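Fold and contact review
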Amino acid sequence: MATLKDVAKLAGVSVKTVSNVVNGYDFVKPENRKRVEEALASTGYRPNLGARNLRRGRTGFLGLMLPELSIPYFGELAGLVLQAAQEHEWNVLIEQTLGTRERERNALSALGPHLIDGAIISPEALHTNDFEDLAPGVPLVMLGEHVVDVPIDHVGIDNVQAARIAVRHLISLGRRRIAAIGAHPQRHTAAQRLEGYHSALAEAGLAPVPELVLPALRYHRANGAEAMAHLLALPEPPDAVFCFNDLLAIGALRAAAERGVQVPSDMAIVGFDNNEESAYSLPSLTTIAPDKAAIARAAVDLLRRRISGGSDLEPEDVQTPFSLEIRNSTIA
């Protein structure tokens, strides 16, 4: 295996110059950099990342704790976090918790500075006292809107406003009997989207109809299809549905099609998350589109700030942008 000395000898420069090139420092003469890069390619030299990280006082790994990778939103977000972390030479260890408190607690308690430099977490069931088992010195960034009284950095979107905009869109189309699928007793994100739904109805002078708000214990296609079947069996079905994620909406679209309901002429449907699948459904799905790349970048940047010596700074709450992607499920 080639060493720095081998590369330096072949390039005719000092070992220090080779080290500066390998570590990306700018203060190397262009002609020396060129000779070193050619020698690196010729010898096949590969830096010892473990030793480099040890010298820097870091492990070179970040943790990422997500509920379900099978849900496209979290799968896409994981890929974007990996990409943002790699730009800063971090590898990412991913833990799937399924949104249960026990698994989230176990994942949190396993985090230690000897394993990772910091972690990005998206909890659904953690309590404030669960953070007491966290090893000291592990920077955390929390994604989503789960509420815990812990002073850590947070990245999310304004779920209340996003839901309000989605329902306003349906109201602007003349829809008046608007249902919601996705109420959940323990998910703070669901509570915020339900708040936005009710707020938009109130703005339009529309009274809430309890039978039009349906729960979803899981946010999968089957749950959306089941909820839609229930809505269509009502004596007076809705003329629009706001689903709290795209998978619920895709399931709802399928149930509507199976029962001969035309979307959007008979019923308009809006989702949330702008997963890739939403652009290819039939009809294509109108949805709230969070800037997932911005969420990933902001989370990694906040961790980088903490790891680089910003442990005494006040926690930041970063709100990332979103938009309403209007497609054929609301406007043919």
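In case you missed it, the structure is sitting above this.
Residues numbered from 1 in each chain as written. Predicted model: local features only at pLDDT ≥ 70, side-chain atom pairs only at ≥ 80, totals over all residues. Heavy atoms only, no water.

Helix and strand content of the protein chain: 11 helices and 12 strands. C-alpha extents for the protein chain along the principal axes are approximately 85 × 45 × 30 Å. Long-range pairs, those at least 24 residues apart, make up 70% of the contacts in the protein chain between residues at least 6 apart in sequence. Here the protein chain has roughly 16,000 Å² of accessible surface; of this, 53% comes from carbon and sulfur atoms. When the 32 positive and 40 negative side-chain charges of the protein chain are each reduced to one mean point, those points stand 8 Å apart. (Helix = DSSP H or I, 4+ residues; strand = E, 2+ residues; numbered from the N terminus. Contact = heavy atoms within 4.5 Å. Areas by Shrake-Rupley, 256 points an atom, 1.4 Å probe, with all protein chains shown as cover. Lys, Arg positive; Asp, Glu negative; His and termini not counted. Charge placed at Lys NZ, Arg CZ, Asp CG, Glu CD.)

In total, this model carries 16 salt bridges according to the counting rule given. Glu-211 is the partner of Arg-177 in a salt bridge, and the nearest nitrogen-oxygen pair spans 2.8 Å. Of the two residues, Arg-177 sits in the loop between helix H7 (159–172) and strand S6 (178–183) while Glu-211 sits in the loop between helix H8 (188–203) and strand S7 (213–215), which places them 34 residues apart along the sequence. A relative accessible area of 38% places Glu-211 in the partly exposed class. (Salt bridge = Lys/Arg side-chain N within 4 Å of Asp/Glu carboxyl O. Buried < 20%, exposed > 50% of the residue type's maximum accessible area, 1.4 Å probe, protein only.)

Moving on: a nonpolar patch on the surface. Taken together, Leu-173, Ile-326 and Ile-331 make up a surface patch of nonpolar side chains, about 230 Å² in accessible area. Examined against the element boundaries, Ile-331 turns out to sit in the segment after strand S12 (322–325). Note on Ile-331: relative accessible area 40%, which makes it partly exposed. (Patch = residues over 30% accessible without salt bridge, like charges linked within 9 Å, V, L, I, M, F, W, Y side chains within 5 Å.)

Attention shifts here to the environment of Pro-72. With respect to the secondary-structure elements, Pro-72 resides in helix H5 (residues 72–86). Its relative accessible area of 19% is what places Pro-72 among the buried residues. Sequence-wise, Pro-72 and Asp-246 are 174 residues apart; in three dimensions their C-alpha atoms are separated by 8.9 Å.

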